[in-house]
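These are the residues of each chain, in order.
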Amino acid sequence: MAQPLRHYGVAIFLLALSFKATSTSTATHDGHGRKSLHFTLYQQETINKTLYLIVKGVTGPDASPTTSPFGSLFVNQDLLTVSPNSSSKVVGVAEGVSITSSLDGLINVVTEKITLELKHYKGSISMLGTAHNIEVFDLPVVGGTGDFMFVQGYIKPSLLTFDSPDIVYRLEFHLYWPPYVAEYHFSY
Ligand SMILES: *[C@@H]1O[C@H](CO)[C@@H](O)[C@H](O)[C@H]1NC(C)=O
Ligand SMILES: *[C@@H]1O[C@H](CO)[C@@H](O)[C@H](O)[C@H]1NC(C)=O
């Protein structure tokens, strides 16, 4: 039985090629205290080492790279690196759960806590959303801690390489802080 690629799906083989692999980050301020931050990291995942199928679902298609039975539960704890090479610098950890939530086996509800130690930003980001195994999707950021307190935005994942059991995902982070964060930090 092939193991599924879990939540980030496969479509993505195609998409991955259209992105330039960089790990640069940009931060901008608009003069009203609003900030945004954009950067790219690489999630290093190994089946049966950092990603496990904990419970196999009850009905629907069998587990494959694109589908998993309804109700399947996956758990991961993956390192995040600055380049696709798994030996490159580690700057974060993604801990999460994914549950197959559509009867056709294509959609998963995904939640990840992403702990980051970047040059100027330390803290965690919480992400919650649904991932489709074939279509493109964004995963909403629902908050954070530390330097990411009150953060909003989204994460765009894409599959970069799959050389079983090793999987590398490219994660584009698009983070935005609401204006009241500037007041919270600087006015009080
Ligand atoms: C990954 O990085 C290591 C250590 O820097 C290097 O030895 C190896 O050749 C790199 N692999 C690839 C595929 O570039
Ligand atoms: C992971 O472990 C399961 C259960 O032991 C096995 O069926 C599956 O083939 C393994 N997958 C890989 C890629 O090692």
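Residues numbered from 1 in each chain as written. Chains lettered and ligands numbered in written order. Predicted model: local features only at pLDDT ≥ 70, side-chain atom pairs only at ≥ 80, totals over all residues.

Okay, the overall build of the chain next. A count of helical and extended segments in the chain gives two helices and 10 strands. Along the chain, from the amino end to the carboxyl end, the secondary structure elements read α-β-β-β-β-β-β-β-β-β-β-α. Looking at the chain residue by residue over its 188 residues, the buried ones come to 35%. (Helix = DSSP H or I, 4+ residues; strand = E, 2+ residues; numbered from the N terminus. Buried ≥ 20, exposed ≤ 12 C-beta atoms within 10 Å, placed from the backbone.)

Let us now look at the nonpolar core. Of all hydrophobic cores here, the largest spans 27 residues; its most connected members are Ile125 and Tyr169. Put simply, the parts of the chain that give this core at least two residues each are strand 2 (35-46), strand 6 (107-117), strand 7 (122-132), strand 8 (139-146), strand 9 (152-163) and strand 10 (166-177). Per-element tally for this core: the top contributor is strand 10, with seven residues. Counting five residues, the second largest nonpolar core, distinct from the first, contains Ile47, Leu51, Leu53 and Phe74. (Core = buried A, V, L, I, M, F, W, Y, C linked by C-beta atoms within 7 Å.)

Take the confidence of the model for the chain next. Considering every residue of the chain, the mean pLDDT works out to 85; 78% of them sit at 70 or more. Across residues 10-23, where pLDDT falls below 50, the model places 27 contacts with residues more than four positions away in sequence or in other chains. (pLDDT = per-residue confidence, 0-100. Contact = placed C-beta atoms within 7 Å.)

Mapped onto the elements, leucine 175 comes out in strand 10. Between the alpha carbons of leucine 175 and tyrosine 154 there is a distance of 6.5 Å; along the sequence they are 21 residues apart. Setting aside chain neighbours within four positions, we find leucine 175 in contact with Ser36, Leu37, Val141, Val151 and Gly153.

Quick look at unusual backbone geometry now. Note that the residue after serine 164, namely proline 165, is joined by a cis bond; omega there is 10°. Position of proline 165 relative to the elements: it lies in the loop between strand 9 and strand 10. One non-glycine residue, asparagine 48, lies in positive phi territory at about 65°. Its location among the elements puts asparagine 48 in the loop between strand 2 and strand 3 (51-55). Exposure remark for asparagine 48: the 9 C-beta atoms within 10 Å place this residue in the exposed category. The backbone of phenylalanine 150 shows a phi angle near 70°, a positive value even though the residue is not glycine.

What follows concerns the pairing of strand 4 (residues 73-81). In terms of strand pairing, strand 2 meets strand 4 through three bridges, oriented antiparallel. Of the residues in strand 4, the one forming a bridge with glutamine 44 is leucine 79. Two elements, strand 3 and strand 4, share four bridges in a ladder whose sense is antiparallel. Across the sheet, the residue bridging to leucine 51 is asparagine 76, located in strand 4. (Pairing = 2+ DSSP bridges.)

A word on the environment of serine 36. Inspection of the secondary structure assignment puts serine 36 in strand 2. Overall, the presence of 16 C-beta atoms within 10 Å leaves serine 36 in the partly exposed class. The spatial distance from the C-alpha of serine 36 to the C-alpha of tyrosine 176 is 4.3 Å, given a sequence separation of 140 residues.

As defined by bridge partners, strand 8 adjoins strand 9 across three bridges and the pair is classed as antiparallel. Note on strand 9: the bridge partner recorded for proline 140 is tyrosine 154. Two elements, strand 9 and strand 10, share 11 bridges in a ladder whose sense is antiparallel. By the bridge assignment for strand 10, phenylalanine 162 is matched with isoleucine 167. Once strand 9 ends, the chain turns through two residues before running back antiparallel as strand 10.

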